[in-house]
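Structural description and commentary
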Amino acid sequence: MTKLTDYPFEVRPLAEEDGGGYLVSFPDFAECISDGETIEEALENGRDALRATIAARKAKKLPVPAPNSGGVASGKFVARVPKTVHAQLATRARAEGVSLNTLVLTFIAQGLGTASSRARSKGAA
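Let me sum up the structure you'll find in this document. Computed from a prediction, not measured in an experiment: that's the story for all the values here.

In this structure the tally under the stated criterion is one aromatic pair. Centroid distance Y7 to F29: 5.1 Å. Interplanar angle 65°. Geometry classified as edge-to-face. One end of the pair, Y7, is in the segment before β1 (10-13); the other, F29, is in strand β3 (residues 29-36), with 22 residues separating them in the sequence. Judged by relative accessible area, Y7 falls into the buried class, the value being 6%. F29 gets classed as buried once you look at its relative accessible area, which sits at 1%.

In terms of burial, strand β2 (residues 22-26) is a largely internal element, four of the five residues being buried. Pairing analysis gives four bridges linking β1 to β2, with the strands arranged antiparallel. Residue pairing in the sheet places P13 in a bridge with Y22 of β2. Strand direction decides the pairing type here: β2 and β3, joined by five bridges, are antiparallel. Bridge pairing links L23 to D35 in β3. Here β2 folds back onto β3 in antiparallel fashion, the turn holding two residues.

Moving on, we get to helix α1 (residues 39-59). In this model, α1 (21 residues) spans 30 Å end to end at C-alpha, consistent with the 30 Å of a helix rising 1.5 Å per residue. Taken residue by residue, α1 has A42, G46, A49, L50, T53, I54 and R57 as its buried positions. Looking down the long axis of α1, one finds its buried residues gathered within 135° of arc, a one-sided arrangement. What points out from α1, more than 90 degrees from its buried face, is the exposed set E40, K58 and A59. After α1 finishes, the residue K61 shows a positive phi value of roughly 60°.

Turning our eyes to something else, we now look at the side chain of S34. Summarising the element assignment, S34 is placed in strand β3. When sequence neighbours within four positions are dropped, the list of residues in contact with S34 reads Y22, L23, V24, N45, G46 and A49.

With that settled, consider unusual backbone geometry. The backbone of K61 sits at a positive phi, close to 60°, despite the residue not being glycine. Inspection of the secondary structure assignment puts K61 in the loop between α1 and α2 (83-96). Although it is not a glycine, N68 sits at a positive phi angle of roughly 65°. Assignment of secondary structure puts N68 in the loop between α1 and α2.

Strand order in this open sheet of three strands is β1-β2-β3, and the pairing throughout is antiparallel. Strand pairing shows two members of the sheet lacking a second neighbour, β1 and β3, which therefore form its edges. Neighbour to neighbour, the strand axes of the sheet diverge by 25° on average, direction disregarded. With respect to the sheet, α1 is in contact with β1, β2 and β3, its orientation differing from that of β3 by roughly 150°.

Reading guide: rules and limits
Residues numbered from 1 in each chain as written. Predicted model: local features only at pLDDT ≥ 70, side-chain atom pairs only at ≥ 80, totals over all residues. Heavy atoms only, no water. Phe/Tyr/Trp six-rings, centres within 6.5 Å; stacked < 30°, edge-to-face > 60°. Helix = DSSP H or I, 4+ residues; strand = E, 2+ residues; numbered from the N terminus. Buried < 20%, exposed > 50% of the residue type's maximum accessible area, 1.4 Å probe, protein only. Pairing = 2+ DSSP bridges. Expected span 1.5 Å × (residues − 1). Arc of directions from axis to C-beta. Contact = heavy atoms within 4.5 Å. Axes fitted to C-alpha atoms, helices over the stretch in contact; angles between N-to-C directions.

Encoded structure:
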């Protein structure tokens, strides 16, 4: 049985113009965030928010993501880019004989791989 404590969370300070204190979020639930004046208060409020989010998803018969699943993602998103970038991407895709989606997905995967490699090499240093 999954417990609330099984779900990863992120805590970050809020800027004074955003009210100060701390924000807690749960990567598995994009719709679940909370805050508090102190880290402890933010975590307590976050647990309450997570409990309510899970209950609401169950009540609506929506899937409840497993811990560390990355949430309920469809695998689809829309990105707006300048017309000139769109034109360059479309030209490159035609030249390589692939769809625009395939080309952009490849660039994203390459970028994530590069970022991951950089992070691993920093950790080894």
